[in-house]
Amino acid sequence: MKGLKSILVIGCIACALMMAYCGEAEEEITDPTPLNPVIIDTVNNKVSISCVIKRMWVDDSVAKHNCIVSKYGSNAGKALFVSNCHHADFYDALIAIGADPGVDIGDPPDSNGVPTGTLFNVFVTWDGAPKVYDINELVTDSLGRGLKCRMHNSYTRAVSSNKGCIWCYTSCKTSISSNPTYTAYDYYYSGVTWPFRPSSSLLPPKGTHIVVTFQMVQ
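Quick notes on the rules
Residues numbered from 1 in each chain as written. Predicted model: local features only at pLDDT ≥ 70, side-chain atom pairs only at ≥ 80, totals over all residues. Heavy atoms only, no water. 1 Å grid on protein atoms, 1.4 Å probe; cavity = no way out; pocket = protein on both sides within 12 Å on 5 of 7 lines; lining within 4 Å. Points joined across faces, edges and corners; volume = space filled by probe spheres on them. Helix = DSSP H or I, 4+ residues; strand = E, 2+ residues; numbered from the N terminus. Nonpolar A, V, L, I, M, F, W, Y, C, P; charged D, E, K, R; others polar. Contact = heavy atoms within 4.5 Å. Patch = residues over 30% accessible without salt bridge, like charges linked within 9 Å, V, L, I, M, F, W, Y side chains within 5 Å. Areas by Shrake-Rupley, 256 points an atom, 1.4 Å probe, with all protein chains shown as cover. Salt bridge = Lys/Arg side-chain N within 4 Å of Asp/Glu carboxyl O. Buried < 20%, exposed > 50% of the residue type's maximum accessible area, 1.4 Å probe, protein only. Phe/Tyr/Trp six-rings, centres within 6.5 Å; stacked < 30°, edge-to-face > 60°. Lys NZ or Arg CZ within 6 Å of the ring centre and 35° of its normal.

Draft legend 1. Broad picture of the layout of surface pockets. If you add up the space inside the second largest pocket, you get close to 330 Å³. Around the second largest pocket, the lining comprises 19 residues; the ones closest to its centre are Asp31, Ser48, Thr125, Val211 and Thr213. Those elements that place two or more of their residues in the lining of the second largest pocket are β1 (38-41), β2 (46-53), β5 (119-125) and β12 (209-216). If you tally residues by element for the lining of the second largest pocket, the top one is β12, at four residues. Of the residues that constitute the lining of the second largest pocket, the class distribution is nine nonpolar, six polar and four charged.

Draft legend 2. Region of interest: the environment of Ile176. Position of Ile176 among the secondary structure elements: in the loop between β9 (165-168) and β10 (177-178). For the pair Ile176 and Asn153, spaced 23 residues apart in sequence, the C-alpha to C-alpha distance is 7.2 Å. Setting aside anything within four residues of it in sequence, one finds Ile176 in contact with His87, Phe90, Tyr91, Leu94, Arg150, Met151, His152, Ser154, Ala158, Cys165 and Ile166.

Draft legend 3. Structural view of a nonpolar patch on the surface. A cluster of nonpolar side chains, namely Tyr185, Tyr188 and Tyr189, defines an oily patch on the protein surface of about 400 Å² accessible area. Here Tyr185 lies in helix α6 (residues 184-189). Judged by relative accessible area, Tyr185 falls into the partly exposed class, the value being 37%.

Draft legend 4. Summary view of the pattern of salt bridges. In this structure the tally under the stated criterion is two salt bridges. A salt bridge links Arg157 to Asp104, with the nearest nitrogen and oxygen atoms 3.1 Å apart. Placement of Arg157 in helix α5 (residues 155-161) and of Asp104 in the loop between α3 (87-96) and β5 is noted, with a sequence separation of 53 residues between them. A relative accessible area of 15% places Arg157 in the buried class. Residue classification places Asp104 among the partly exposed positions, given a relative accessible area of 34%.

Draft legend 5. Summary view of the packing of aromatic side chains. Here the structure, examined in full by the defined rule, presents seven aromatic pairs. Geometrically, the ring pair formed by Trp167 and Tyr169 is edge-to-face, given 5.9 Å between the ring centres and 75° between the ring planes. As far as burial versus exposure is concerned, Trp167 and Tyr169 are alike and both buried. Summarising the aromatic geometry, the rings of Tyr169 and Phe196 are spaced 4.6 Å apart at their centres and angled 15° between planes, so their arrangement reads as stacked. With Tyr169 in the loop between β9 and β10 and Phe196 in strand β11 (residues 196-198), this residue pair connects regions lying 27 residues apart in the sequence. Considered together, Tyr169 and Phe196 belong to a single accessibility category, that of buried residues. A network of ring pairs unites the aromatic residues Trp167, Tyr169, Tyr182 and Phe196 as a single cluster. One residue, Arg145, lies across the ring of Tyr182, its end atom 4.7 Å from the ring centre.

In structure tokens:
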């Protein structure tokens, strides 16, 4: 009988250790790669995507509207970060962590319309980076309003237009997410010059693999 009890105890311990190991394996989150460009972390309510930096928008010009665009979209050449993930997959990933897309800006949008969905913090890093940067540390706006990120209820329009916009510096009717601190009125009608200037001293060389993480603000 004592031998049977010992076997049962050993068996229970083995099962507990196996369950703990499996739990750790399930919770292990890896970084996105060009071949696995979207990582969904439902535990921490965040989505990370694989991107490549286009240094031309740091050194040679200033991107006026697009910050992150999918390589599958027509606006990929206009973006600071070109993502290896499809913009539709990015939308689905945000939904998977419980994000709310909010109310559609509309087509055509109201000139003062802004995205109303879930608010995210946007973080950027790469191999060899001294830290994980908030996007506001890497890109400044001349009017000093700051850069925010809200999801937008734009799935149908984003797919049909195929511009590929994942996150734009200004409120955008076709982007999966965009910045509510700058509106279409600012962009098209106000006549104010407010370029978004990436930091040439902080950002890495062209072609560097970039990981961008969107974390829900609770």
